[in-house]
Amino acid sequence: MRAFLLLFLLFPVLELFVFVKVSAAIGFFPALLLIIAGSALGVLVMRVAGLATALRARESLQRGELPAEDMFQGMMLAVGGGLLLLPGFISDVLGLLCLLPFTRHLAARKMRERAEAQAMRQRAFQDDPFQARPRDGDHRPNVIEGEYERRDK
């Protein structure tokens, strides 16, 4: 959590530093126009990607499939568009990386591998090796045998 807070505080400073360096190299107004163009591109991507993702997800549901891959692709497009909306060159580069198909597929594969590993870890801790599991046809309730004595006071 501290790393996230540090990144949250340092990110605007880094963006400002890069903007100053770029504006010193190409001029203030061209750098400002690049920032505005990046934000306009972000708005366009958010509109088009959101509609396209919703349509692909609906088609997948109509075919009887789970639209997990389509939803992840849409999420990556939305994150990329959101990063393009933020003013700054670093966020624009990160947003463009989210929009490129190669990096989206690479991120999807990594996220799927991490989700599968997490599911395996959870499954490993859920299963109790000492508890006898009933077979498919054998559904007996757990019964604890014992003796009791009623004491009326």
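Residues numbered from 1 in each chain as written. Predicted model: local features only at pLDDT ≥ 70, side-chain atom pairs only at ≥ 80, totals over all residues. Heavy atoms only, no water.

## As for the packing of helix α1 (residues 2-26) against helix α2 (residues 28-62)
In contact at an axis separation of 7 Å, α1 and α2 are set at 125° when each is read in the N-to-C sense. Taken together, the axes of α1 and α2 lie oblique to each other. In the packing of α1 onto α2, the handedness of the crossing is right-handed. In this structure, α1 contributes Phe-19, Val-22, Ser-23 and Ile-26 to the contact, and α2 contributes Phe-28, Pro-30, Ala-31, Leu-32, Leu-34 and Ile-35. Residue composition of the contact of α1 with α2, by class: nine nonpolar, one polar and no charged. (Axes fitted to C-alpha atoms, helices over the stretch in contact; angles between N-to-C directions. Helix = DSSP H or I, 4+ residues; strand = E, 2+ residues; numbered from the N terminus. Parallel < 35°, antiparallel > 145°, perpendicular 65-115°, else oblique. Left-handed = near helix turned anticlockwise from the far one by under 90°. Contact = heavy atoms within 4.5 Å. Nonpolar A, V, L, I, M, F, W, Y, C, P; charged D, E, K, R; others polar.)

## With respect to the UniProt feature "transmembrane region" (unreviewed entry) in the protein chain
Within the UniProt annotation, "transmembrane region" (unreviewed entry) is assigned to residues 34-55 and 76-102. Helix makes up 100% of residues 34-55 and strand makes up 0%, while its end C-alpha atoms are separated by 31 Å. (UniProt positions renumbered as here; feature names shortened; annotations may be inferred.)

## Description of the pattern of salt bridges
Under the definition given, this model contains one salt bridge. The closest approach of N and O atoms between Arg-151 and Glu-149, which form a salt bridge, is 3.6 Å. (Salt bridge = Lys/Arg side-chain N within 4 Å of Asp/Glu carboxyl O.)

## So, the environment of Leu-34
Tracing the sequence through the fold places Leu-34 in helix α2. You can call Leu-34 partly exposed: its relative accessible area is 45%. In sequence terms Leu-34 and Gly-88 are 54 residues apart; their C-alpha atoms lie 9.1 Å from each other. Look past the residues within four positions of Leu-34 in its chain and what remains in contact with it is Ile-26, Phe-89 and Asp-92. (Buried < 20%, exposed > 50% of the residue type's maximum accessible area, 1.4 Å probe, protein only.)

## Considerations on the packing of aromatic side chains
Summed over the entire model, instances satisfying the criterion amount to four aromatic pairs. Ring geometry for Phe-4 and Phe-8: centres 6.4 Å apart, planes at 25°, overall stacked. Here Phe-4 and its partner Phe-8 are both found in helix α1, four residues apart, which amounts to about one turn of the helix. Neither Phe-4 nor Phe-8 differs from the other in exposure class; each is exposed. Taking the centre distance of 5.9 Å and the plane angle of 80° together, the rings of Phe-19 and Phe-28 count as edge-to-face. Classification of Phe-19 by relative accessible area gives buried; the value is 17%. Ring-pair connections join several aromatic residues into one group, and the members of that group are Phe-19, Phe-28, Phe-29 and Phe-89. (Phe/Tyr/Trp six-rings, centres within 6.5 Å; stacked < 30°, edge-to-face > 60°.)

## Re the packing of α2 against helix α3 (residues 68-85)
Angle between the axes and distance between the axes are the two parameters that describe a pair of packed helices. Where α2 contacts α3, the axes come no closer than 8 Å and their chain directions differ by 170°. With respect to α3, the element α2 is oriented roughly antiparallel. Taken together, the residues of α3 that come into contact with α2 (itself represented by Gly-38, Ser-39, Leu-41, Gly-42, Val-43, Val-45, Met-46, Ala-49, Thr-53, Arg-56, Ala-57 and Ser-60) are Asp-70, Met-71, Gln-73, Gly-74, Leu-77, Ala-78, Gly-81, Gly-82, Leu-84 and Leu-85.

## Overview of the side chain of Ser-23
With respect to the element layout, Ser-23 can be found in helix α1. Polar side-chain contacts of Ser-23 include one of 3.0 Å to the backbone oxygen of Val-20. Discounting residues that sit within four places of it in the chain, Ser-23 has contacts with Phe-28 and Ala-31. (Polar contact = N/O pair within 3.5 Å; in protein donor to acceptor, adjacent residues only side chain to side chain.)

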